[in-house]
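Here are the chains, one letter per residue:
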Amino acid sequence: MYRIVREFNELTGKAVYVIERKKKWLWMVSWTTDLGLDIDQLGPIGAPSLEGAKIKLDRIITNRGKMVKREVIGNI
């Protein structure tokens, strides 16, 4: 399960929409910005607009976290 969180910086006056993933362990529940994708994630994944964050979230859900697609083109 994922959610989009709006983070507003009072100093700059800018909002960023960040995608978070729900984590469960025994009876405890928390949210993390580590989405468990098959790519190296250096920070939170998000966008400056809600529409952009929704597009990225749709891609993550559609591909089930497998963001890199590989195919063999030819052998020598």
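The notes below deal with the structure included here. (Residues numbered from 1 in each chain as written. Predicted model: local features only at pLDDT ≥ 70, side-chain atom pairs only at ≥ 80, totals over all residues. Heavy atoms only, no water.)

## Concerning the pattern of salt bridges
Right, so step 1: Under the definition given, this model contains 1 salt bridge.
Right, so step 2: E20 is paired through a salt bridge with R3; the nearest N and O atoms lie 2.8 Å apart. Note that E20 is positioned in strand 2 (residues 14–25) and R3 in strand 1 (residues 2–9), a separation of 17 residues in sequence.
Right, so step 3: On the basis of relative accessibility, which here comes to 11%, the residue E20 falls in the buried class. (Salt bridge = Lys/Arg side-chain N within 4 Å of Asp/Glu carboxyl O. Helix = DSSP H or I, 4+ residues; strand = E, 2+ residues; numbered from the N terminus. Buried < 20%, exposed > 50% of the residue type's maximum accessible area, 1.4 Å probe, protein only.)

## Observations concerning the pairing of strand 3 (residues 28–32)
Right, so step 1: Bridging between strand 2 and strand 3 involves 5 bridges; their strand directions are antiparallel. Its bridge partner being in strand 3, K23 is matched across the sheet by S30.
Right, so step 2: Counted along the chain from strand 2 to the antiparallel partner strand 3, the turn is 2 residues long, and its residue L26 has a positive phi close to 55°. (Pairing = 2+ DSSP bridges.)

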